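# An overview of the molecular structure
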Amino acid sequence: MPAQLLLNLFIAFLWMLLMDEDELKFTTFFAGFLVGIGIIFFMHRFFGTQFYLRRLYATIKLLFIFISELTKSSIVVLEQILSPTLKIKPGIFKYETVLESDSEVTMLSLLLTLTPGSVVMEVSPEGNVLYIHAMDVEQSRDGLLMQLHNFEKAIMEVTR
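In this text the structure is predicted, and so the values were computed from the model without any measurement. (Residues numbered from 1 in each chain as written. Predicted model: local features only at pLDDT ≥ 70, side-chain atom pairs only at ≥ 80, totals over all residues. Heavy atoms only, no water.)

This prediction gives the protein chain a mean pLDDT of 90; 99% of its residues lie at or above 70. The spread of mean pLDDT over the elements of the protein chain runs between helix H5 (residues 137–159), the lowest at 89, and helix H2 (residues 26–43), the highest at 94. (pLDDT = per-residue confidence, 0-100. Helix = DSSP H or I, 4+ residues; strand = E, 2+ residues; numbered from the N terminus.)

Following this line, the structure appears as structure tokens:
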């Protein structure tokens, strides 16, 4: 991925120099950068790696998934807080993740902890089991499992 980005920057600078303008312009550099993206897209299979902008797209997609899940869980927690009687049953459950590396498990734990209503309490020494505390286990467990699955899928797109 870094090689593709460096090559794209090189193509953009080369484009800017070959345009034979009196002064260096950002618009010329940007046009060269777009041309470089096109060239690298068609030639990326010779690098032996995936196209480098796919990871950027996957990162933006993960960000939007996080914002969506944050909004949904905030609404659920707000409804619980504003209800006249507290009908929650907090609890802890075990979740086995399919993520392999420490950075992936850490990212999943942080994303889950940042969303209201759930906290990752512990990660097993092997790194494949999370112990999660949920604000209302009976009602929010299915939603939380779907949220975990969405996060795992998006994290794997970013890191692999």
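Read from one edge of the open sheet, three strands run E1-E3-E2, paired in antiparallel fashion. Edge strands, defined here as strands with exactly one partner in the open sheet, are strand E1 (91–96) and strand E2 (118–123). The average undirected angle you get between the axes of adjacent strands in this sheet is 30°. Pairing of E2 with strand E3 (residues 129–134) involves five bridges; the strand directions are antiparallel. Each residue of the ladder has a partner; that of Ser118, found in E3, is Ala134. Where helix H4 (residues 102–114) meets the sheet, it contacts E2 and E3, and its direction lies at approximately 150° from that of E2. Sheet strands touched by H5: E1, E2 and E3. Its angle to E1, the strand with the most contacts, is close to 30°. (Pairing = 2+ DSSP bridges. Axes fitted to C-alpha atoms, helices over the stretch in contact; angles between N-to-C directions. Contact = heavy atoms within 4.5 Å.)

Attention now goes to the packing of aromatic side chains. How two aromatic rings sit relative to each other is given by the distance of their centres and the angle of their planes. One pass over the full model with this rule turns up eight aromatic pairs. Taken together, a centroid distance of 6.2 Å and an interplanar angle of 25° make the contact between Phe26 and Phe30 stacked. Of this pair, Phe26 and Phe30 both sit in helix H2, four residues apart, which is roughly one turn of that helix. With relative accessibility at 61%, the residue Phe26 sits in the exposed group. (Phe/Tyr/Trp six-rings, centres within 6.5 Å; stacked < 30°, edge-to-face > 60°. Buried < 20%, exposed > 50% of the residue type's maximum accessible area, 1.4 Å probe, protein only.)

Below, the discussion takes up the nonpolar core. Judged by nonpolar contacts, the single largest core of 21 residues is most densely connected at Leu62, Leu108, Leu130 and Ile132. At seven residues, the largest contribution of residues to this core is made by H5. Not counting residues up to four positions away in its chain, the partners in contact with Leu62 are Met107, Leu111, Phe151, Ala154, Ile155 and Val158. With nine residues, the next largest nonpolar core counts Ala12, Met16, Ile37 and Ile40 among its residues. (Core = buried A, V, L, I, M, F, W, Y, C linked by side-chain atoms within 4.5 Å.)

As a further point, take the pattern of salt bridges. If you walk through the whole model with that rule in mind, you get six salt bridges. When the shortest N-O distance is used, the salt bridge between Lys94 and Glu96 registers 4.0 Å. Arg160 serves as the salt-bridge partner of Glu100, at 3.9 Å between the closest nitrogen and oxygen. Taken as a pair, Glu100 in the loop between E1 and H4 and Arg160 in the segment after H5 lie far apart in primary sequence, 60 residues in all. Since its relative accessible area comes to 64%, Glu100 is described here as exposed. Members of the salt-bridge network, linked through shared partners, are Glu100, Glu104 and Arg160. (Salt bridge = Lys/Arg side-chain N within 4 Å of Asp/Glu carboxyl O.)

So, on to the pairing of E3. As paired elements, E1 and E3 share six bridges and run antiparallel to each other. In the strand pairing of E3, Ile92 is matched with His133. The hairpin turn running from E2 into E3, its antiparallel successor, is five residues long, and Gly127 in that turn takes a positive phi close to 90°.

Attention now moves to the packing of helix H3 (residues 52–82) against H5. Direction vectors running N to C along H3 and H5 enclose 165°, while the axes themselves pass 8 Å from each other. The orientation of H3 relative to H5 falls into the category roughly antiparallel. In the crossing of H3 with H5, the sense of the turn from one axis to the other is left-handed. Mapping the contact onto sequence places Arg55, Ala58, Thr59, Lys61, Leu62, Ile65, Phe66, Glu69 and Gln80 in H3 and Gln139, Gln147, Asn150, Phe151, Ala154, Ile155, Glu157, Val158 and Thr159 in H5. Along the lines of polarity and charge, the residues of the contact of H3 with H5 split into eight nonpolar, six polar and four charged. (Parallel < 35°, antiparallel > 145°, perpendicular 65-115°, else oblique. Left-handed = near helix turned anticlockwise from the far one by under 90°. Nonpolar A, V, L, I, M, F, W, Y, C, P; charged D, E, K, R; others polar.)

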